[in-house]
Amino acid sequence: MTATVDTQAAEAQALARRAELEKRFAGLSLATQLYIDGRRVDALSGATLERISPRDGRLIAHVSAGDAEDVDRAVASARRAFESGCWSGRSPRQRRQVLQRLARLVEEHAEELALLESVDMGKPYTDALAVDLRVTVQALDFYAEAVDKSYDEVAPTDRDTLATITREPLGVVGAVVPWNFPLMMAVWKIAPALAVGNAVVLKPAEQSPLTALRFAELATEAGVPDGILNVVPGFGPTAGAALGRHPDVDAITFTGSGEVGRLFMRYSAESNIKQVSLELGGKSPQVVLPDAPDLNGVAKAIAGGIFFNQGEVCSAGSRLLVHRAVKDELLELVVEASRRTVVGDPLDPRTSVGALVEAKHLERVLGYVRGAVDDGARLLVGGNRVLEETGGYYLEPTIFDQVDPGMRIAQQEVFGPVLSVLTFEDTDQAVRIANGTDYGLAAAVWTKDLSAAHRMARAIRAGTVWVNCFDESDITVPFGGYAQSGFGRDKSLHALEKYTQLKTTWIKL
Ligand code: NAP
Ligand code: MG
């Protein structure tokens, strides 16, 4: 009786919270135009793109859709601002102060930005606030603080020479980002690029432009000069390609699919050989050895590692590689953990798995599910679209057992809440399977044996290897891939390398 009353009270509270957030969203005046030279402007063609919220399939906004001529305007503005020295010519301390002001403004607007993110692309509002916005603020503070504490070098040449090695900004940086962590990933690029003095033109994904547009206004409010940060929403093949091919863009920093990453290398080769860095997809293995500590905790981390953010995470632990000796026990616990995840409205505080970003993506993920069944994998949990009556794009947490390393579901990036379970007999085989895809973004190893952990961490080809944890991260550590997961790193001081070039000045004394 009391339990029922408690449940009803919790339900009423959750629904009230959801209604409050809906009302708050309806009351926001959305920034929906391009942001160029410190102002909102329409696309020159007048074109717009429709933003459909994946939570209920409803239209939430028409956003200006930029094309080549808008990219030209944005790049021209960025170039002018860069060359004027209004930003690159300020002292590092002054740039620090502006970026710190921006960090504080983002902090003050965290709830609004989290709400925009959640409604625009479907992730739970609570995660948007606790993860995306927290990390965004951290990144702004980190690069702000780094820039006036970095020194250049004097080379150890002979005594009648003074050779200095200084880092200089590149000029105009084009940033092109995906929809899964729209603001956070944009700021992983914008913050270091601006900190060292560049001007930036950002093209957000067509599915998630709202936070970037609002962020650009906050940047102006914080004191980032006009033209130093421009945002041109639009479609990949038009706005994205125009930025990639632009002769006056000095570098492209990209996060997204391998297919589009390849295009950016081609754009560079066919235009001005602009520098390109690519953060691409992954097929990260979670390798569980027979002596793994606390299988219950491991199971939770495995479920969290694939269901967080609807599985729309480039480093998602989409392959569970488990030793035969502990497979049955672990799998049972993972299934239990998956049943505890709550698929639902991103604005409902009880939700842990929100909506997939768009109908087309839901179809794509369902295609992978059908393909895995056809290939002979055993569907253990889930596999179905749910909550269809809401009009939103929801998929149950899904687990496939008896997956062979060669199957499509074990090789290709699904980018949804779909886990593949593979079994191994010894660590050599585990390493072979772990390394047996085109990707190399991240991996985890679960074991009590310190030596085994070190050996596996060395043997696995990936930009990040977690031991007895998953998805741990901090702005102080680099993030990026080996192999076809790309090259160049976001986060940490290493990210600054992508946005600077080295100048040698040789002085004969
Ligand atoms: P995507 O299709 O590659 O899109 C990424 C960005 O590129 C979007 O802004 C997109 O614009 C643009 N784009 C698309 N086609 C283009 C073209 N022909 N020329 C120039 N630009 C173009 O990726 P997505 O579907 O948005 O995101 C999912 C992918 O991103 C997954 O494969 C995932 O693994 C990867 N990802 C990687 C990381 C990482 O750090 N390694 C992080 C997150 C995501 P439109 O929005 O208009 O298509
Ligand atoms: Mg896309």
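By convention here, each chain's residues receive numbers from 1 onward along its written sequence. A letter from A marks each chain and a number from 1 marks each ligand, given out in the order of writing. Residue-level local features of this predicted model are given only where pLDDT is at least 70; pairs of side-chain atoms are given and counted only at 80 or more, and the full residue set underlies all totals for whole chains, interfaces and linings. Based on all heavy atoms of the structure, the side-chain values leave hydrogens and waters out of the count.

A. Expanded view of the domain arrangement of the chain. Residue ranges assigned to each domain were obtained from an automatic or database domain assignment. Entries for the chain in the domain assignment read domain 1 (25–280 + 486–504) and domain 2 (285–476). Domain 1 and domain 2 are separated by 30 Å when their C-alpha centres are compared. If you look at the interface, domain 1 gives 30 residues, while domain 2 gives 31 residues. As a working definition, buried area equals the accessible area (1.4 Å probe) given up by two parts on being put together, with both sides summed. The junction of domain 1 with domain 2 conceals about 2,400 Å² of combined surface from both sides, 60% of it contributed by carbon and sulfur atoms. Each reported salt bridge corresponds to a side-chain nitrogen of Lys or Arg within 4 Å of a carboxyl oxygen of Asp or Glu. Linking domain 1 with domain 2 are one salt bridge. Working rule for contacts: check all heavy atoms of both residues, and any pair within 4.5 Å makes them a contact.

B. Structural view of the site of ligand 1. Residues are classed as near a molecule or strand on a simple rule: at least one heavy atom within 4 Å of it. Close to ligand 1 lie 33 residues, the nearest being Glu 206, Ser 257, Tyr 267, Leu 280 and Glu 413. The backbone of Gly 236 places a nitrogen or oxygen atom 2.8 Å from an oxygen atom of ligand 1. Under the rule applied, a polar contact is a pair of N or O atoms within 3.5 Å (in protein, one hydrogen donor and one hydrogen acceptor; residues adjacent in sequence only if both atoms are side-chain atoms). Here a nitrogen atom of ligand 1 and a backbone polar atom of Glu 279 are 3.5 Å apart. Surface exposure here means Shrake-Rupley accessible area, sampled with a 1.4 Å probe, where a residue is shielded only by the protein chains that are shown. Here ligand 1 loses 89% of its free accessible area of 900 Å² to cover by the protein chains. Every helix listed is a DSSP run of H or I at least four residues long, and every strand listed is a run of E at least two residues long, numbered separately from the N terminus. For the shell around ligand 1, the secondary structure elements donating two or more residues are helix H8 (236–245), strand E10 (251–255) and helix H9 (258–270). Three residue categories are used. Nonpolar comprises Ala, Val, Leu, Ile, Met, Phe, Trp, Tyr, Cys and Pro, charged comprises Asp, Glu, Lys and Arg, and polar comprises the others, including Gly. For the shell around ligand 1, the class distribution of residues is 20 nonpolar, nine polar and four charged. Built from parts of two domains, the shell around ligand 1 gets at least three residues from each of domain 1 (25–280 + 486–504) and domain 2 (285–476).

C. The packing of aromatic side chains, seen in detail. Two rings belonging to Phe, Tyr or Trp (six-membered ring only in the last case) form a pair when the distance between their centres is within 6.5 Å. Interplanar angles under 30 degrees mark stacking, angles over 60 mark edge-to-face geometry, and anything in between is tilted. Under the criterion given, the structure shown has seven aromatic pairs. Where Phe 264 meets Tyr 267, the ring centres are 5.1 Å apart and the plane angle is 85 degrees; that geometry is what we call edge-to-face. Of this pair, Phe 264 and Tyr 267 both sit in helix H9, three residues apart, roughly one helical turn. Any residue under 20% of the maximum accessible area for its type is buried, any over 50% is exposed, and the rest in between are partly exposed; the area is computed with a 1.4 Å probe on protein chains only. Here Phe 264 falls in the buried class, since its relative accessible area comes to 3%. Given the relative accessible area of 9%, Tyr 267 is considered buried. Here Trp 466 and Phe 470 contribute two aromatic rings whose centre-to-centre distance is 4.8 Å and whose plane-to-plane angle is 55 degrees, an arrangement assigned as tilted. Residue Trp 466 shares its accessibility class with Phe 470, and that shared class is buried. The structure contains a cluster of three or more aromatic residues connected by ring pairs, namely Phe 254, Phe 264 and Tyr 267.

D. The arrangement of unusual backbone geometry in detail. Despite not being glycine, Leu 387 shows a phi value in the positive range, around 55 degrees. In this structure, Leu 387 sits in the loop between strand E15 (385–386) and strand E16 (394–395). Positive phi is not limited to glycine here, since Gln 402 has a value of about 55 degrees. By the element assignment, Gln 402 lies in the loop between strand E17 (398–401) and helix H13 (408–411). Its relative accessible area of 46% is what places Gln 402 among the partly exposed residues.

E. Main features of the sheet that holds E17. Read from one edge to the other, the open sheet built from seven strands follows the order E14-E17-E18-E13-E12-E19-E20, with strand pairing classed as mixed. Because the sheet does not close on itself, it has two edges, and the strands there are strand E14 (378–381) and strand E20 (464–467). Adjacent strand axes in the sheet meet at a mean angle of 25 degrees, parallel and antiparallel pairs treated alike. Being paired, for any two strands, means DSSP has found at least two bridges between them. The pairing of E17 with strand E18 (residues 418–424) spans three bridges and is classified as parallel. Bridge pairing in E18 places Phe 400 opposite Ser 420. A fitted line through C-alpha atoms serves as each axis, taken over the contacting stretch for helices, and the angle formed by two N-to-C directions is quoted from 0 to 180°.

F. Layout of the side chain of Asn 309. By secondary structure assignment, the location of Asn 309 is in the loop between helix H10 (295–307) and strand E13 (319–323). In this structure, Asn 309 is in contact with Lys 123, Asn 180 and Phe 181, ignoring residues within four places of it in sequence.

G. Geometry of a negative patch on the surface. Like charges within 9 Å and nonpolar side chains (Val, Leu, Ile, Met, Phe, Trp, Tyr) within 5 Å are joined into patches, using only residues over 30% in relative accessible area that form no salt bridge. A positive count includes Lys and Arg, and a negative count includes Asp and Glu. His and the chain ends are not counted in either. Each charge is placed at NZ for Lys, CZ for Arg, CG for Asp and CD for Glu. On the surface, Asp 328, Glu 329, Glu 332 and Glu 336 cluster together into a negatively charged patch. Mapping Glu 336 onto the fold places it in helix H11 (residues 324–340). Exposure remark for Glu 336: the relative accessible area of 41% places this residue in the partly exposed category.

H. Structural context of the environment of Val 365. Secondary-structure assignment places Val 365 in helix H12 (residues 359–374). For Val 365, a relative accessible area of 0% corresponds to the buried category. On a C-alpha basis, the gap between Val 365 and Gly 383 in space is 9.5 Å, while along the polypeptide they are 18 residues apart. The contact partners of Val 365, leaving out residues within four places of it in the chain, are Leu 356, Leu 395, Val 414, Phe 415, Gly 416 and Val 418.

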